[in-house]
Amino acid sequence: SGTIQDRKADHLRICLEDDVQCHRTTTGLERYRFIHCGLPELSYDQIDIGTQFLGKTLQAPLLISSMTGGTEQARIINQRLAVTAQKFGLAMGVGSQRVAVERPELANTFNVRTYAPDAVLLANLGAVQLNYSYGLEHCQRVVDWLEADALILHLNPLQECVQTRGDTDFSGLMAKIETLCAQLQVPVIAKEVGNGISGSLAQKLINVGIRAIDTAGAGGTSWARVESERAEDVKQRRLGQTFADWGIPTADCIVGVRAIAPEIPLIASGGLRNGLDVAKTLALGANIAGMALPFLKAADHSEDALDTLTDILIAEVKTALFCSGQRNLQDLRHNPVLQRID
Ligand code: FNR
C-alpha cells in the first residue's frame, strides 16, 4: 500500500540485496596517497585515535551513519549497531524518525539509548519535512525519544525527485532551519544522503546556525539508484538511473567545506569503505568519518560481524597514522601527510 513502513522495509532489502552504489562517480579519495614514513619514531601502541565530538569523547573517529528504524528488522539492526557504538566508543545515527512521529508505537524501533548509554547518538529527520507541517515540537520530540546529543536534518532533493510522490518543495527551507537552530535544545547537524554538500552551501548553513556538517558525498550508496529499484513507474525508474552517479565526490566536499570553515565540526561520509579511506578524510580535515552500507551489511549478519568490521577499521586507521608518522588525529589533520596523484 506504500506506507512509510513499507518504504523502510524496501530500503533495507534493496540496500542489502542489490547493487546500490555509484558506478562511475568515485569518492575522489583515490586521488590522494599517504606519504609513507619508513621510520615513524613512534610505538604503534602509543597511537591515539580518540577525539572529542559534541562535547563527548569518542574512542575512534567513527560514526555509524543514519540508516533505519520503523520495522522489526530495523529494530534489531539499530540495537546491534548501538551495542557496537557503546562497546567501541563510536557515534551513531538512527534513520529518519518521521515514521515514528506518524506512528508513535514504532518509536521503540529507534530508541537505543539503553544499549548505548555513553555514545554520541544522533536523531534524524528530513529537512524538507519543515515544509510539510513539521516544526520545533516534532524535532524536539524525536530528540527526546532518543535522548539524542544532536539532531541531523538530512538534505535529499535528488532522492525526493526519484521517489514516487516525493516531497519536492524545498523553497524557503533555509529560514525555517534558522528558526529551528535558534530554538532546539541540542545542536543541529546538516547532512546530505550521498550527493554531497559544497563549500558554498555549507557556508549558508553555518550562517543560519547549523553546528556541524556531514558531507555524505558521492561515490558510495546512490539513493537515486535505491529509489529507482523500487520505483513503480518507468519515469521514476529512468530518472534514478540517469542520476545514479550525480553529486559532489566526498573528497571534494571535505576540501570545499574546510576551505570556507576551518573550525566547523566536519563529518566525512559517502563511499568510505575501509579505515584507509577514513584516515584520508581526516588528513583532508574532517573530524570524524561516517559509514552506512558497510555497517548495515555487518549488522544484518551478526554482532560478531560488527565487532570484526570495527576491529579492522580501527587497525586500518591506526596503521595509516603509524606508517605516516602521526601520533594522533590532531597531528594527522595539521601535518602535510597526503600527496595528490592526478
Ligand atoms: C541511509 N541513509 C540515510 N540518511 C539519512 O540521513 N536518513 C535516513 O533515514 C537514511 N536512511 C538510509 C537507509 C539505508 C539502508 C542506507 C544504506 C542509508 C544515508 C546514509 O546515512 C549515508 O549518507 C549514505 O548511505 C552514504 O554513505 P555510504 O552508504 O556510502 O557509506
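Here is a short report on the structure shown in this document. Within each chain, residue numbers correspond to sequence positions counted from 1 in written order. Local features in this predicted model are restricted to residues whose pLDDT is 70 or higher, and side-chain atom pairs enter the listing and the counts only when it is 80 or higher, whereas totals over whole chains, interfaces and linings include all residues. Think of the side-chain values as coming from all heavy atoms in the structure, minus any hydrogens and water.

### Some points on the nonpolar core
- Take the buried residues of types Ala, Val, Leu, Ile, Met, Phe, Trp, Tyr and Cys, join any two whose side-chain atoms come within 4.5 Å, and each joined set is a nonpolar core. Working definition: with a 1.4 Å probe on protein chains only, accessible area under 20% of the residue-type maximum means buried, over 50% means exposed, and in between means partly exposed. Counting residues in each nonpolar core, the largest one holds 97 residues, and the members touching the most others are M92, L151, L153, I177, I213 and F295.
- By the criteria applied, helices consist of DSSP H or I runs no shorter than four residues and strands consist of E runs no shorter than two, each listed in order from the N terminus. Considering every element that reaches this core, the biggest residue donor is helix 13 (residues 303–323), with 8 residues.
- Note on contacts: a residue pair is in contact if any heavy atoms of the two residues lie within 4.5 Å. What I177 contacts, discounting residues up to four positions off in sequence, is A127, L130, L153, L205, V208 and I210.
- Within the second largest apolar cluster, 12 residues are counted, among which are F53, L122, A150 and I189.

### Comments concerning the sheet that holds strand 10 (residues 266–269)
- The sheet built from 8 strands closes into a barrel, its strands ordered 4-5-6-7-8-9-10-11 with parallel pairing. Across the sheet, the mean angle from the axis of one strand to that of its neighbour is 25 degrees, orientation sign disregarded.
- Relative to strand 11 (residues 288–291), strand 10 runs parallel, the two being bridged by 3 bridges. Across the sheet, residue I267 finds its bridge partner in strand 11, namely I288. Each pair of strands is called paired provided DSSP finds at least two bridges between the two strands. To get an axis, a line is fitted to the C-alpha atoms, and for a helix only the part in contact is used. The angle between two axes follows their N-to-C directions and goes from 0 to 180 degrees.

### Observations concerning the packing of aromatic side chains
- Pairs were defined over the aromatic rings of Phe, Tyr and Trp, the Trp ring being its six-membered one, requiring ring centres within 6.5 Å. Orientation was assigned from the angle between planes: stacked under 30 degrees, edge-to-face over 60, tilted for the rest. What the rule picks out here adds up to 2 aromatic pairs.
- When the centroid spacing of 5.6 Å and the interplanar angle of 85 degrees are considered together, the rings of Y44 and F322 count as edge-to-face. Here the residue Y44 occupies a position in the loop between strand 1 (32–34) and strand 2 (51–53), and F322 occupies one in helix 13, the gap between them amounting to 278 residues.
- When its relative accessible area of 29% is taken as the criterion, Y44 is described as partly exposed.
- Taking relative accessible area as the criterion, F322 reaches 22% and is therefore assigned partly exposed.

### Overview of the site of the ligand
- We call a residue near a molecule or strand when any one of its heavy atoms sits within 4 Å of it. As a matter of local geometry, the ligand sits amid 21 residues, with S66, S96, T221, G271 and R273 nearest to it.
- Here an oxygen atom of the ligand and a side-chain polar atom of N124 are 2.9 Å apart.
- A distance of 3.0 Å is found between an oxygen atom of the ligand and a backbone nitrogen or oxygen belonging to A292.
- Only the protein chains shown count as cover for residues, and all accessible areas are computed by the Shrake-Rupley method using a 1.4 Å probe. Here the ligand, which alone exposes 600 Å², has 97% of that area covered by the protein.
- Cavity and pocket criteria rest on a 1 Å grid covering protein atoms alone: a 1.4 Å probe that fits but cannot get out defines a cavity, protein on both sides within 12 Å along at least 5 of 7 lines defines an open pocket, and an atom within 4 Å of a point defines a lining residue. Grid points define the cavity or pocket, and a molecule sits in it when more than half of its atoms lie within 2 Å of them. For the ligand, the cavity whose grid points lie within 2 Å of the majority of its atoms is the largest cavity.
- Grouping the amino acids of the shell around the ligand by side-chain chemistry returns 9 nonpolar, 10 polar and 2 charged. Pairs of N or O atoms are called polar contacts if they sit within 3.5 Å, as long as, within protein, a hydrogen donor faces a hydrogen acceptor (for residues adjacent in sequence, only side-chain-to-side-chain pairs). For this scheme, ten residues count as nonpolar: Ala, Val, Leu, Ile, Met, Phe, Trp, Tyr, Cys and Pro. Four count as charged, namely Asp, Glu, Lys and Arg, and the remainder, Gly too, count as polar.

### Concerning the side chain of N131
- Along the chain, the position of N131 falls in the loop between strand 6 (120–126) and helix 4 (136–146).
- Looking at N131, its side chain comes within polar contact range of the main-chain oxygen of S171, at 2.8 Å.
- Dropping the residues within four chain positions of it, N131 is found in contact with D169, F170, S171, L173 and K176.

### Focus: the environment of L29
- With respect to the secondary-structure elements, L29 resides in the loop between helix 1 (4–17) and strand 1.
- As for L29 and D342, which are separated by 313 residues in sequence, their C-alpha atoms are 11 Å apart.
- Ignoring any residue separated from it by four or fewer positions in sequence, one finds L29 in contact with A251, L272, D277, K280, T281 and L284.

### Regarding the state of the cysteines
- Our working definition of a disulfide is a cysteine sulfur pair at a distance within 2.5 Å. Evaluated as defined, the whole model comprises 0 disulfides.
- C181 forms no disulfide, and the closest cysteine sulfur to it belongs to C139, at a distance of 9.7 Å.
- Under the relative-accessibility criterion, C181 is labelled buried at 17%.
- For the unlinked cysteine C253, the closest cysteine sulfur is that of C22, found at 12 Å.

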